[in-house]
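What the coordinates show
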Amino acid sequence: MAHKIPGPEILAPAGNAQMLSAAVYSGADAVYLGLTGYNARRSAGNFTPEELCDAVRFCHARGVRVHVTLNTLVFGNELSGLADAVRAVAEAGADAVIADDLAVAALVKQIAPGLHLHASTQMTIHTPEGARQMAEMGYDRVILARELSLEEIRAVVKASPIEVEVFIHGAMCMAVSGQCMMSAFLGGRSGNRGACAGPCRLPFDATPGLRPGQPGTACHLSLKDMDLVPHMAALMDAGVASVKIEGRLRTPEYAAAAVAACRAAREGKAYDETLLRDIFSRSGFTDGYLVGRNDKNMFGVRTQADADATRAATPKARELFRRELSRIPVTFSVEVLPDSIALTAADAEGRTARAVSRTAPQPAQKDQSEAITRALSKTGGTPFCVGDIQLPEEARTAFLPGSEWNELRREALERLLEFRSAPAPKEVHPCSLPVWTPRRPGLPKLAARFERAEQIPADLADKLAFLVLPVGQAAKLPEPLRSRTLLELPRVCFGAGEEAVKAALAACEGQGYRGVVLNNPAHLRYATSLPQYGGMGLNVTNPVSAGRWRDLGLQGMLVHPETPLPAMSLIDPGLPTAALCYGHMPLMLTRACPLKNVRDCKGCSRSGSLRDRKGRDFPVRCSAPAMAGIRTVYNPVPLYMGDRLKELPVDFALAAFTLEDSDRVHQILELLLAGRGFDSEFTRGLYYTG
């Protein structure tokens, strides 16, 4: 099916059938597309199981691979449908599944082990240890976070036992993928479940001096599109296996322009930079992450001028897929028969198709080699190009009209294309999912997570089942509390940050801590000296993923806060589970700093806020300056369940303290311990949705 390509795979988006054909006709080596219902772009056209079969046949006939996105978090009542989706992907003969939830990976391995398994960028893999862990867990490819520098990509590729895929062009989420809850908590549409409403493109204004309640107007959470096409040679040198174009919600013309640019860059040729910019941009492009330049130039919005440029560029981009790119080499063999001439077309995989002339050849007055070669080389408009033409001596002196040779060529290639498009389903194994009985709620024990050791109230600590504290705060923790404290590892730590976390954790060995909270698959590899527990970053939303994490060694886990209570009640892995009962939700983690739109790092307090269009301030906190740090945008309205703790179907209710001073922490803990209602504005989050 596949033919050899000179460099990394060019992977194009296919949000619908029209975009699929545009991407393929313009030269994509692979496409990624969504199966209706279980992918991170539910508002794209997507494909039904029947349409997926047609799409795979169309692509495979042309040597193009098909990667299917099943990359959303799922709830327990959706697992049966997810299993059906995996079967549909396998029966269609697709090449790979792009997975986020460990439940998807588990079902792929059980139902269709012949499918390749790619770790979605939503798994937040961004370090060498993360890539190694994905390999150990049975993945064939890891799709890295968009935020990495070139040197960080090199380090991951060098360490990775499996293929590495990176994004090369298209829209960038402000948040690290898989670590954003802004759309879910502000509008009830979860990006982690494929329904992101894109609130970060709306006004979130970091401008200082706004009057209280004054609406924000600047879009300081809106990043320009990524464009790393000019860095193709460097990415090739780094050893990436695939370069991915983002944009399943865009147009066929966009897909074609991006694919054409990537193909030219891969071949070291010039490409139409103006067309690529005009077909879609947000005030231009950025390569800030790749080159380590984190500044206000990374930010941009879609302007009227951008939209006008797109309308003007669309007809030119449409020409890129008006005719199909000829790229599959074929060998033609001519055979002279007593009453006819037979033409055989063969591809590199050994498939052959034969056509026989309707008339007998006549003796030629001169050598026919040139005329035959010219006729057989007219493969334009088909996916085929001529690799070799085998003409025996008797064919050189046999005459057929040019129209007959053209017909032989057309017929042979049509048959070969039909053979190449024959269905090739993957083997499907039976899978019987258990029936999960909803867990009855009881009164969970209260625990608390603190951002800083100073927040811990000495007089209430003994009333908490356990404490959670970032590993970087361990040295400040009073020794008597260590045996009840879990050390939390960061959800994201770029570059040298991973080594720093390892060192901080190693310094805590033998110090009497209760355990460590993992927030990324990478942590499984080096947080081994203490009992392991799962945090928010692992995105546990269903019983299969919970069971998989249990099998990987976890002794307890936090259920993701986007999980409604009925779905939460199905998660009972035979280990303690916890749910948030209080906290200002970290709506997004981002490497780009929204505050840099109005200030630089020098003299920055690492604290600020963003004003939305309704006049509400969203706190921003920075873990460190420049490219090393992570910025967190918090919901100004906290989640609170203190008066409804009995409705949480978990063993522990976890209060998460971040922005609060020690006095406010004390007040809130007293409310929680007494089971009283909250004393100011709050939200129940998503617990009562669905």
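Residues numbered from 1 in each chain as written. Predicted model: local features only at pLDDT ≥ 70, side-chain atom pairs only at ≥ 80, totals over all residues. Heavy atoms only, no water.

1. Let's talk about the nonpolar core
Going by this rule: For the purposes of this section, nonpolar cores are sets of buried Ala, Val, Leu, Ile, Met, Phe, Trp, Tyr and Cys residues that join through side-chain atoms within 4.5 Å. Residue exposure (1.4 Å probe, protein chains only): buried if accessible area is under 20% of the type maximum, exposed if over 50%, otherwise partly exposed.
One finds V31, L33, Y139, L235, F450, L648 and L669 to be the most contacted residues of the largest nonpolar core, which totals 196 residues. Residues A395, W405, A412 and L413 belong to the second largest nonpolar core, which totals 25 residues.

2. A few points about helix 16 (residues 497-506)
Selection criterion: Here a strand is any run of E in DSSP of at least two residues, a helix any run of H or I of at least four, and the numbering for each starts at the N terminus. This arc is taken over the directions from the axis of the helix to the C-beta atoms. The criterion used for residue contact is that any of the two residues' heavy atoms lie within 4.5 Å.
Within the sequence span of helix 16, burial applies to E498, V501 and L505. For helix 16, the buried positions fall inside an angular range of 60° around the axis, keeping them on one side. Buried residues belonging to helix 16 abut helix 5 (128-136), strand 21 (515-518) and helix 17 (523-526).

3. What about the sheet that holds strand 28 (residues 631-634)?
Just so we agree on the cut-off: Between any two strands, pairing holds if DSSP finds at least two bridges.
In spatial order, the strands read 8-26-27-28-25; together these five strands make up an open sheet with antiparallel pairing. Two strands in the sheet have a free side with no partner beyond their single neighbour: strand 8 (204-205) and strand 25 (586-590). Of the pairings in the sheet, the one linking strand 27 (residues 617-622) to strand 28 comprises three bridges and is antiparallel in character. Within strand 28, the residue paired with R621 across the bridge is T632.

4. Observations concerning the packing of helix 3 (residues 79-92) against helix 4 (residues 102-111)
Selection rule: Fitted lines through C-alpha atoms serve as axes, helices being fitted only where they are in contact, and the angles separating the N-to-C directions of these axes extend from 0 to 180 degrees. Geometric relationships in this document are graded by angle, where less than 35 degrees denotes roughly parallel, more than 145 denotes roughly antiparallel, 65 to 115 denotes roughly perpendicular, and other angles denote oblique. In this scheme the handedness of a crossing depends on how the near helix is turned from the far one: anticlockwise by less than a right angle means left-handed, clockwise means right-handed. Just so you know the grouping, Ala, Val, Leu, Ile, Met, Phe, Trp, Tyr, Cys and Pro go in nonpolar, Asp, Glu, Lys and Arg go in charged, and all remaining residues, Gly too, go in polar.
Close contact between helix 3 and helix 4 brings their axes to 10 Å; oriented N to C, the two are set at 50°. Comparing their axes, helix 4 and helix 3 come out oblique. Relative to helix 4, the crossing made by helix 3 is right-handed. Listed contacts from helix 4 to L79, L82, A83, V86 and R87 of helix 3 are A103, V104, L107, V108 and I111. Looking at the contact of helix 3 with helix 4 residue by residue, the classes come out as nine nonpolar, no polar and one charged.

5. Remarks on the sheet that holds strand 16 (residues 384-390)
Pairing is mixed across the open sheet formed by four strands, whose spatial order is 14-13-12-16. Among the strands making up the open sheet, the edge pair consists of strand 14 (352-356) and strand 16. For this sheet, the mean inter-axis angle between neighbouring strands, taken without regard to orientation, is 25°. Packing against the sheet, helix 13 (residues 369-376) makes contact with strand 12 (328-336), strand 13 (341-347) and strand 16, and its axis sits at approximately 155° to strand 16. Strands in contact with helix 15 (residues 402-420) are strand 12, strand 13, strand 14 and strand 16; relative to strand 14, the strand with the most contacts, it is inclined by about 150°.

6. Let's talk about the environment of C508
Inspection of the secondary structure puts C508 in the loop between helix 16 and strand 21. It is 8.4 Å that separates the C-alpha atoms of C508 and V471, two residues lying 37 residues apart in sequence.

7. Considering the side chain of N192
Secondary-structure assignment places N192 in the loop between helix 7 (182-187) and strand 8. Setting aside residues up to four positions removed in sequence, N192 forms contacts with T72, L73, Q122, G178, C180, M181, H560 and E562.

8. What about the pairing of strand 24 (residues 577-583)?
Strand residues, when the strand is regular, have side chains that alternate between the two faces of the sheet. Taking burial as the measure, the seven residues of strand 24 include seven buried ones, the bulk of the element. One ladder, built from two bridges, connects strand 23 (residues 557-558) with strand 24; its direction is parallel. Its bridge partner lying in strand 24, L558 is registered against A578. Here strand 24 runs beside strand 30 (residues 652-657); their pairing, made up of four bridges, is parallel. Bridge pairing in strand 30 places A578 opposite F652.

9. Here's the deal with the pattern of salt bridges
The following threshold applies: Salt-bridge detection follows one rule: a side-chain nitrogen of Lys or Arg within 4 Å of a carboxyl oxygen of Asp or Glu.
Taken as a whole, this structure holds 47 salt bridges when the rule is applied. Among the salt bridges present, the one from E165 reaches R141, with a minimum N-O distance of 2.7 Å. Residue E165 is located in strand 7 (residues 163-170), and its partner R141 is located in strand 6 (residues 141-143); the two are separated by 24 residues in the primary sequence. The exposure class of E165 is buried, given its relative accessible area of 0%. Judged by relative accessible area, which is 4%, R141 ranks as buried.

10. Regarding the packing of aromatic side chains
Each aromatic ring pair is summarised here by two numbers: the centre-to-centre distance and the angle between the ring planes. Defined as follows: Paired rings are identified among Phe, Tyr and Trp, the last through its six-membered ring, by centres lying within 6.5 Å, and are further divided according to the angle between planes into stacked (under 30 degrees), edge-to-face (over 60) and tilted (the rest).
Counting across every chain of the model gives nine aromatic pairs. Aromatic pair Y582 and F657: ring centres 5.3 Å apart, planes at 40°, arrangement tilted. You can see Y582 sitting in strand 24 and its partner F657 sitting in strand 30, a full 75 residues away along the chain. Classification of F657 by relative accessible area gives buried; the value is 0%.

Read these as layout, nothing more, since geometry by itself doesn't imply function.
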